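Read off the chains here:
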2 protein chains.
Amino acid sequence: MPTPQRHPARSAPQRAPLTRDEVIDAAAALVRQHGPQALTMRRLAAELRTAVTSIYWHVGNRESLLEALVERTVRELGDIRPRGTTPRARIVSVARALRRELLARPHLVAMVHERGLTERMFHAAQQALAREAHAAGLRGARAAEAVRAVQFSVIGQVLIERNRERSPQQRPAEPGWWEHDPADTDPALVRALAAPPDPEKVFTATIRALVDGLLPISDSPLPTPRQSARTADRTAPPRTSRGRRA
Amino acid sequence: MPTPQRHPARSAPQRAPLTRDEVIDAAAALVRQHGPQALTMRRLAAELRTAVTSIYWHVGNRESLLEALVERTVRELGDIRPRGTTPRARIVSVARALRRELLARPHLVAMVHERGLTERMFHAAQQALAREAHAAGLRGARAAEAVRAVQFSVIGQVLIERNRERSPQQRPAEPGWWEHDPADTDPALVRALAAPPDPEKVFTATIRALVDGLLPISDSPLPTPRQSARTADRTAPPRTSRGRRA
DNA sequence: ACCTGAACACCGTTCAAGT
DNA sequence: ACCTGAACACCGTTCAAGT
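Rules used throughout
Residues numbered from 1 in each chain as written. Chains lettered and ligands numbered in written order. Predicted model: local features only at pLDDT ≥ 70, side-chain atom pairs only at ≥ 80, totals over all residues. Heavy atoms only, no water. Helix = DSSP H or I, 4+ residues; strand = E, 2+ residues; numbered from the N terminus. Buried < 20%, exposed > 50% of the residue type's maximum accessible area, 1.4 Å probe, protein only. Contact = heavy atoms within 4.5 Å. Areas by Shrake-Rupley, 256 points an atom, 1.4 Å probe, with all protein chains shown as cover. Near = heavy atom within 4 Å. Polar contact = N/O pair within 3.5 Å; in protein donor to acceptor, adjacent residues only side chain to side chain. Nonpolar A, V, L, I, M, F, W, Y, C, P; charged D, E, K, R; others polar. Domains from an automatic or database assignment. Buried area = accessible area lost by both parts, 1.4 Å probe. Salt bridge = Lys/Arg side-chain N within 4 Å of Asp/Glu carboxyl O. Expected span 1.5 Å × (residues − 1). Phe/Tyr/Trp six-rings, centres within 6.5 Å; stacked < 30°, edge-to-face > 60°. Lys NZ or Arg CZ within 6 Å of the ring centre and 35° of its normal. Core = buried A, V, L, I, M, F, W, Y, C linked by side-chain atoms within 4.5 Å. Axes fitted to C-alpha atoms, helices over the stretch in contact; angles between N-to-C directions. Parallel < 35°, antiparallel > 145°, perpendicular 65-115°, else oblique. pLDDT = per-residue confidence, 0-100. Left-handed = near helix turned anticlockwise from the far one by under 90°.

A. Molecular detail of the overall build of chain A. Looking only at helices and strands, chain A features twelve helices and zero strands. Counting over 246 residues, chain A shows a buried share of 47%. For chain A, the share of sequence-separated contacts (at least 6 apart) that also reach a separation of at least 24 residues comes to 72%. Of the roughly 13300 Å² of accessible surface on chain A, 55% is carried by carbon and sulfur atoms.

B. Highlighting the protein's contact with DNA strand D. Lining the immediate surroundings of DNA strand D are 18 residues, of which Thr53, Ser54 and His58 of chain A together with Arg42 and Tyr56 of chain B lie closest. What you see for DNA strand D is that sugar and phosphate hold 52% of its atoms within 4 Å of the protein. Contact distances for DNA strand D include 2.7 Å between a phosphate oxygen and a side-chain N or O atom of Ser54 of chain A. In the model, a phosphate oxygen of DNA strand D is placed 3.0 Å from a nitrogen or oxygen of the Met41 of chain B main chain. Those elements giving two or more residues to the surface near DNA strand D turn out to be α3 (52-59) of chain A together with α2 (41-48) and α3 (52-59) of chain B. Among the elements that make up the surface near DNA strand D, the one with the highest residue count is α3 of chain A (four residues). Here the surface near DNA strand D is composed, by residue class, of seven nonpolar, eight polar and three charged.

C. Broad picture of the protein's contact with DNA strand C. Among the 17 residues in the neighbourhood of DNA strand C, the closest are listed as Arg42 and Tyr56 of chain A together with Thr53, Ser54 and His58 of chain B. Across the atoms of DNA strand C situated within 4 Å of the protein, the share located in sugar and phosphate is 50%. The separation between a phosphate oxygen of DNA strand C and a polar main-chain atom of Met41 of chain A is 3.0 Å. Taking Arg62 of chain A, its main chain carries an N or O atom lying 2.9 Å from a phosphate oxygen of DNA strand C. For the surface near DNA strand C, the secondary-structure elements that each account for two or more residues are α2 (41-48) and α3 of chain A together with α3 of chain B. Ranked by residues supplied to the surface near DNA strand C, first place goes to α3 of chain B with four residues. Taken together, the residues that form the surface near DNA strand C break down as seven nonpolar, seven polar and three charged.

D. Expanded view of the domain arrangement of chain A. Residue and element names in this part refer to chain A. As assigned here, chain A comprises domain 1 (18-60) and domain 2 (69-168 + 198-216). Taking only C-alpha atoms into account, the centre of domain 1 sits 31 Å from that of domain 2. Tallying the contact residues gives ten residues for domain 1 and five residues for domain 2. Summed over both sides, the interface between domain 1 and domain 2 buries roughly 640 Å², with carbon and sulfur atoms accounting for 69% of that surface. Where domain 1 touches domain 2, the interface holds one salt bridge. Connecting domain 1 to domain 2 are one residue pair in polar contact (both at pLDDT 80 or more). A class-by-class count of the residues in the side of domain 1 that touches domain 2 yields six nonpolar, one polar and three charged.

E. Broad picture of helix α11 (residues 199-214) of chain A. Helix length check: α11 of chain A (16 residues) gives 22 Å between terminal C-alpha atoms against 22 Å at 1.5 Å per residue, within 8%. Those residues of α11 of chain A lying buried are Phe203, Thr204, Thr206, Ile207, Arg208, Ala209, Leu210, Val211, Asp212, Gly213 and Leu214 of chain A.

F. Summary view of the packing of aromatic side chains. Applying the stated rule across the entire model yields zero aromatic pairs over all chains. In this structure, Arg99 of chain A is placed above the aromatic ring of Phe203 of chain A, and the distance from its NZ or CZ to the ring centre is 5.4 Å.

G. Focus on the nonpolar core. Core analysis: the largest hydrophobic core is formed by 130 residues, its most contacted members being Leu44 of chain A together with Leu44 of chain B. When neighbours within four sequence positions are excluded, Leu44 of chain B is seen to be in contact with Val23, Ala26, Ala27, Leu30, Leu39, Ile55 and Leu65 of chain B.

H. Seen up close, the packing of α2 of chain A against α3 of chain A. Residues and elements named next belong to chain A. Between α2 and α3, whose axes approach to 8 Å, the crossing angle comes to 100 degrees. Considered as vectors, α2 and α3 are oriented roughly perpendicular to each other. On α3, the residues touching Met41, Arg42, Leu44, Ala45 and Leu48 of α2 are Val52, Ile55 and Tyr56.

I. Fine view of the confidence of the model for chain A. Looking at chain A, pLDDT values average 78 and 74% of them are 70 or higher. A low-confidence stretch, residues 169-176 of chain A (pLDDT under 50), is modelled with seven contacts involving residues beyond four sequence positions or located in other chains.

J. Looking closely at helix α8 (residues 123-135) of chain B. End to end, α8 of chain B covers 18 Å across 13 residues, agreeing with the expected 18 Å (1.5 Å per residue, within 8%). For α8 of chain B, a buried count of ten out of 13 residues is recorded, marking the element as mostly surrounded by other parts of the structure. Of all the residues in α8 of chain B, the buried ones are His123, Ala125, Gln126, Gln127, Ala128, Leu129, Ala130, Glu132, Ala133 and His134 of chain B. Among the structural elements, α10 (187-194) of chain A together with α5 (87-104), α7 (118-121) and α9 (140-166) of chain B are those in contact with the buried residues of α8 of chain B. With its phi angle positive at about 105 degrees, Gly137 of chain B sits one or two positions after the end of α8 of chain B.

K. Region of the structure containing the packing of α9 of chain B against helix α11 (residues 199-214) of chain B. Residues and elements named next belong to chain B. Between α9 and α11, the shortest axis-to-axis distance is 10 Å and the interhelical angle comes to 165 degrees. Taken as axis vectors, α9 and α11 run roughly antiparallel relative to one another. Considering how the two elements wind past one another, α9 and α11 form a crossing that is right-handed. Contacts between α9 and α11 involve Ala146, Ala149, Val150, Ser153, Val154, Gln157 and Glu161 on the former and, on the latter, Pro199, Val202, Phe203, Thr206, Ile207, Leu210, Val211 and Leu214. Tallied by class, the residues present in the contact of α9 with α11 amount to eleven nonpolar, three polar and one charged.

In structure tokens:
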């Protein structure tokens with residue numbers, strides 16, 4: 001796209017008057033494309049082809065601008081709809097949706113977190129999870145526990161996953177870490193902990209295990225409108241060795 | 001302690017020659033006391049009563065200084081010793097120790113995370129958890145799953161807890177959030193999710209529930225040297241309603 | 001080997017002044 | 001109501017120069 005004027009508007013009519021939303025849009029684009037450190041008032045002004053001080057007129061200062069940006073991100077993460085026929089499947093689906101949304105905007109999520117709004121960002125998901133916990137038969141503090149456990153696991157896992165992306169090599173794991181301990185000669189465990197090949201798969205497995213542990217076990221699905229074959233296959237897998245053995 | 005010279009060493013012998021460790025110590029102190037944003041090269045120089053450029057001679061640049069700081073933090077978090085007689089109790093103890101250590105240096109932990117070293121920071125704890133998972137009878141990928149689930153939950157919960165501290169009022173929860181949904185009329189749940197009065201208690205409860213779900217259930221403790229009454233009381237609480245009901 | 005001040009290119013923010 | 005340049009106090013970093 002050819003820019004009609006490459007000098008910052010000398011004597012020509014300098015485009016439509018700037019709006020607050022335009023400023024926030026440009027700021028979001030800057031963060032998404034070049035990371036949070038690229039969002040300086042001066043660079044933003046250059047991007048918008050205005051004087052720095054114009055921006056101050058519209059958004060007050062950098063702090064308020066970030067606040068607005070964060071506010072928008074929180075809103076974007078607002079609608080998370082559970083899918084599936086059983087509470088278990090629906091909780092897992094919320095967790096996966098949450099993960100996808102978070103990974104789609106890592107910079108903005110980091111900024112939300114830095115500004116102390118993590119909890120608000122997760123409130124929609126929390127409500128959905130609470131509903132499912134209730135549907136699964138959990139009540140009161142017990143249900144809250146389950147909601148939090150899922151929520152925290154998702155956040156923790158996503159944070160680490162994003163972290164791993166950023167620094168691809170975690171410095172080859174200091175040789176002789178595991179070997180010196182004779183108690184855990186479990187090569188499969190060591191291998192599994194080394195580097196998950198498919199983060200999404202690992203994520204889902206972890207959440208599923210967690211939900212299994214949190215929900216009261218009911219092998220018969222709740223009464224639902226109809227039973228979809230697509231969800232049923234992964235919904236009630238054969239019980240593994242985790243069952244009670246007294 | 002009276003400072004013998006309050007001007008930056010005019011013609012007097014300007015104290016023992018600066019060392020790299022001194023610089024890192026001062027940087028750590030600055031971060032711990034005034035937060036990460038207070039760690040500027042110039043302020044650090046002022047604190048050390050030297051020229052800014054001396055610091056550059058010792059640590060290269062700001063980036064390397066932060067790296068050294070982070071390296072030290074990772075080392076400090078290195079030794080985590082499990083306590084208790086059953087794998088369950090020992091895993092919970094690791095989680096609690098981890099939480100305590102992380103909350104003790106929130107700024108530095110945030111910096112470690114920003115520099116992509118979260119995983120390395122948690123490696124000692126991970127090893128301890130893996131050992132306990134093995135002791136509890138889990139093997140291979142299944143054990144890795146359990147280790148990760150606990151790890152992620154701790155990280156997630158600590159991050160949120162720290163977040164909540166920073167912004168004490170999460171904007172009174174937008175009235176009419178829960179009410180419009182008739183499905184979940186569980187006032188106890190809503191109350192429990194609103195604001196945990198004792199984060200430590202909530203934390204322990206969550207981790208305990210999680211571990212219950214992850215470990216194969218065994219009501220008899222493993223054979224240990226001797227059974228301590230101090231740990232036994234909280235180690236095997238009466239089984240709650242989570243048991244199998246087929 | 002260690003320290004120094006001057007200088008450069010960047011910040012966020014304020015202010016008086018324009019239209 | 002909206003935009004502007006100049007100026008202030010801060011950054012990180014480099015460099016030539018001291019001892």
